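Take a look at the letters that make up each chain.
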Amino acid sequence: MTRRQFTKTIGATAALAAAHPGSIWSVKASPAFLPIPDLTPAPASPAAAELYRRALVLDANTLAGIGFPISDDDPAGVTKRIIGSGVNVVKATLGGAQGNFEQAVAAIAKAELLMEKERDAFFKIDKVTDFDRAKREGKVGVIYSFESAAMLEDKLERIEIFRGLGVRVMQLTYNRKTPLGCGCLDGENDGLTSLGRDAVAKMNELGVALDLSHSNTRTTAEGIAASKKPVLITHAGCRAVHMHPRNKEDREMKALADKCGVMGIYMLPYLTESPRQPLLSDYLAHLDHAVKVMGEDHVGIGSDAPFLRLGQDGLEEMKKDIEQRKAAGIAAPGEDRPIYIPDLNTERKMELIADALLKRGYKSSAVEKILGANFRRAFADIWAS
């Protein structure tokens, strides 16, 4: 993705889940994107707005490559709109799906520049008390994370190097096999490798969160079992609601909850069967199922979607990007629709989810957990030395 594309879409194309089509998962020849509907989501109820104001709001996967579009200039007022979203903390992916060591370091350096130049708006999350700072100061705290193991290769000493540079969340795989484990598009025969077990132990030792969002079923199960600390699935859906390789099975989710982990529900097209565009009701079906299986203490939100409102220009850029990804053979099944939920197409989407949960009978305390308190608790346990 070019900087120009990222700047125009601000998080839309950057949120695409890069993947190779597996033999059992069909991939459509080309995306058939419908125009963005002229839909302005209704404002949240006063009760939801007040809850949203007092809660810690944490999106566990969004604003990938955060330093690149706004560290030098901010012509679209993106920073102001991000602050206006009411989101307190975001986990941002650095280094991309295939970034090597040097590219990952460059992405971290760019993010650091953003933290320096926009210090009134952003700061890096290093420790759990920084969550309180984000809420208190009205800034956006950024958790540095890797969705790929490409920058590690088979060199586990790099975990400590990147931890020293501020990376607090890492994955073992990004859809395909790595020296550490097996991705979700490479079948279920292979799992966590011996080196992967060593990586999990090293992450536990250093206080780096293990994220298994893109791992296959076996690697997910074995990673959870191998970890002595809570494990995260920062962005996924539920296979019991819709069968897709990026969605998780109930048994994985139960094991995660038993290890005191948290799973964030994403806003990707993989929530529904193609070609239907997911709506808020579909999102809530996955979230409700996750709560039923795991309990209200183990579910959160990891949107993996455009942070700000997606417009027609962004839609066209997204379509071009997906066409390029399909030509390169790296598009995921179901990646034939734009990455957004029409009735959540606003930077205050988390507030609308809070409103919907209250209307479904969730208690305020449960909604606050889902909005961010659950992830805060898990990070506190994981990052503790």
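Considering the overall build of the protein
Broken down by element type, the protein carries 14 helices and 10 strands. Scored against the burial criterion, the 385 residues of the protein give a buried share of 59%. Considering only contacts within the protein whose residues lie at least 6 apart along the sequence, 78% involve residues at least 24 apart. Accessible area for the protein stands at about 14,500 Å²; split by element, carbon and sulfur atoms hold 52% of it.

Here's the deal with the environment of C260
Its location among the elements puts C260 in the loop between α10 (250–258) and β9 (262–265). The class of C260 is partly exposed, set by a relative accessible area of 38%. Distance in space between the C-alpha atoms of C260 and A378 is 7.1 Å, their sequence separation being 118 residues. Ignoring any residue separated from it by four or fewer positions in sequence, one finds C260 in contact with P230, H298, R377 and A378.

A word on empty space enclosed by the protein
Gaps left between atoms are located by rolling a probe of water-molecule size over the structure's atoms. The tally for this structure, following the rule as stated, stands at 3 cavities of 30 Å³ or more. Of the voids in this model, the largest cavity is the one considered here, and its volume is about 50 Å³. Along its surface, the largest cavity is lined by M267, A305, P306, L308, L310, Y340, I341, L344, N345 and K349.

What about the packing of aromatic side chains?
For any pair of aromatic rings, the description consists of the separation of the ring centres together with the inter-plane angle of the planes. What the rule picks out here adds up to 7 aromatic pairs. Aromatic pair F101 and F162: ring centres 5.3 Å apart, planes at 55°, arrangement tilted. Here F162 lies in helix α7 (residues 157–164) and F101 lies in helix α5 (residues 101–117), a separation of 61 residues in the sequence. Between Y266 and Y270 the ring centres are 6.0 Å apart and the planes differ by 70°, which places this aromatic pair in the edge-to-face class. Both residues of the pair, Y266 and Y270, belong to the buried class.

Let's talk about the packing of helix α13 (residues 349–359) against helix α14 (residues 364–383)
Taken N-terminus to C-terminus, the directions of α13 and α14 make an angle of 150°; their axes are 10 Å apart at the nearest point. Viewed along their axes, α13 and α14 adopt a mutual orientation that is roughly antiparallel. For the element pair α13 and α14, the recorded crossing hand is right-handed. Facing α13, whose interface residues are M350, A354, L357 and L358, α14 presents S364, V367, I370 and L371. Class assignment of the residues belonging to the contact of α13 with α14 gives a composition of 7 nonpolar, 1 polar and no charged.

Here we look at helix α6 (residues 129–137)
Listed in full, the buried residues belonging to α6 are D130, F131 and A134. What you see down the axis of α6 is that its buried residues fit within an arc of 110°, all on one side. Tucked inside the fold, the buried residues of α6 contact β1 (58–59), β2 (89–93), β3 (122–124), β4 (140–145) and α14. Two residues or fewer after α6 comes G138, characterised by a positive phi angle close to 70°.

Observations concerning the side chain of H214
Tracing the backbone through its elements, the reader meets H214 in the loop between β6 (209–211) and α9 (217–226). Judged by its relative accessible area of 0%, H214 is buried. A polar contact of 3.3 Å, which involves the side chain of H214, links it to the side chain of H235.

Here's the deal with the pairing of β9
Of the two faces of β9, the one lined by V262 and G264 and the one lined by M263 and I265 are each fully buried. With 3 bridges connecting them, β9 and strand β10 (residues 299–301) associate as parallel partners. Bridged to M263 within β10 is V299.

Quick notes on the confidence of the model for the protein
Confidence in the prediction of the protein, expressed as mean pLDDT, is 88, and 88% of residues score 70 or more. Confidence drops under a pLDDT of 50 for residues 1–25, and excluding neighbours within four residues, the segment shows 84 contacts in the predicted structure.

Section: the environment of V78
On the secondary structure map, V78 appears in helix α4 (residues 78–84). With 230 residues separating them in the primary sequence, V78 and L308 have C-alpha atoms 8.4 Å apart.

Conventions adopted
- Residues take numbers from 1 onward in each chain, read along the sequence in its written order.
- Residue-level local features of this predicted model are given only where pLDDT is at least 70; pairs of side-chain atoms are given and counted only at 80 or more, and the full residue set underlies all totals for whole chains, interfaces and linings.
- To obtain the side-chain values, all non-hydrogen atoms of the structure were included, while hydrogens and water were left out.
- In DSSP terms, a helix is any run of H or I states spanning at least four residues, a strand is any run of E spanning at least two, and both are numbered starting from the N terminus.
- Note on exposure labels: buried denotes an accessible area under 20% of the residue type's maximum, exposed denotes more than 50%, and partly exposed covers the range between, all computed with a 1.4 Å probe on protein chains only.
- Pairs of residues are marked as contacts when any of their non-hydrogen atoms sit within 4.5 Å.
- Note on areas: Shrake-Rupley with a 1.4 Å probe; residue coverage comes only from the protein chains shown.
- Put plainly, a pocket is an open set of points on a 1 Å grid over the protein atoms alone with protein on both sides within 12 Å along at least five of seven lines, a cavity is a set where a 1.4 Å probe fits but cannot get out, and a lining residue has an atom within 4 Å of a point.
- Grid points are joined across faces, edges and corners, and a volume is the space filled by probe spheres set on the points.
- The criterion for an aromatic pair is that two Phe, Tyr or Trp rings (for Trp, the six-membered ring) have centres within 6.5 Å, with stacked assigned to planes under 30 degrees apart, edge-to-face to planes over 60 apart and tilted to the rest.
- Each axis is a line fitted through C-alpha atoms, and for a helix only the stretch in contact is used; angles between axes span 0 to 180 degrees, taken between their N-to-C directions.
- Roughly parallel covers angles under 35 degrees, roughly antiparallel covers those over 145, roughly perpendicular covers 65 to 115, and oblique covers all other angles.
- Crossing chirality is assigned from the near helix's rotation relative to the far helix, an anticlockwise turn below a right angle marking it left-handed and a clockwise turn marking it right-handed.
- For this classification, the nonpolar set comprises Ala, Val, Leu, Ile, Met, Phe, Trp, Tyr, Cys and Pro, the charged set comprises Asp, Glu, Lys and Arg, and every other residue, Gly included, is treated as polar.
- This arc describes the spread of directions from the helix axis toward the C-beta atoms.
- Think of a polar contact as two N or O atoms within 3.5 Å of one another; within protein, one of them needs to be a possible hydrogen donor and the other a possible acceptor, and neighboring residues in sequence only count if both atoms come from side chains.
- The pairing criterion for strands is at least two bridges between them, as found by DSSP.
- Confidence of the predictor in every single residue is expressed as pLDDT, which spans 0 to 100.

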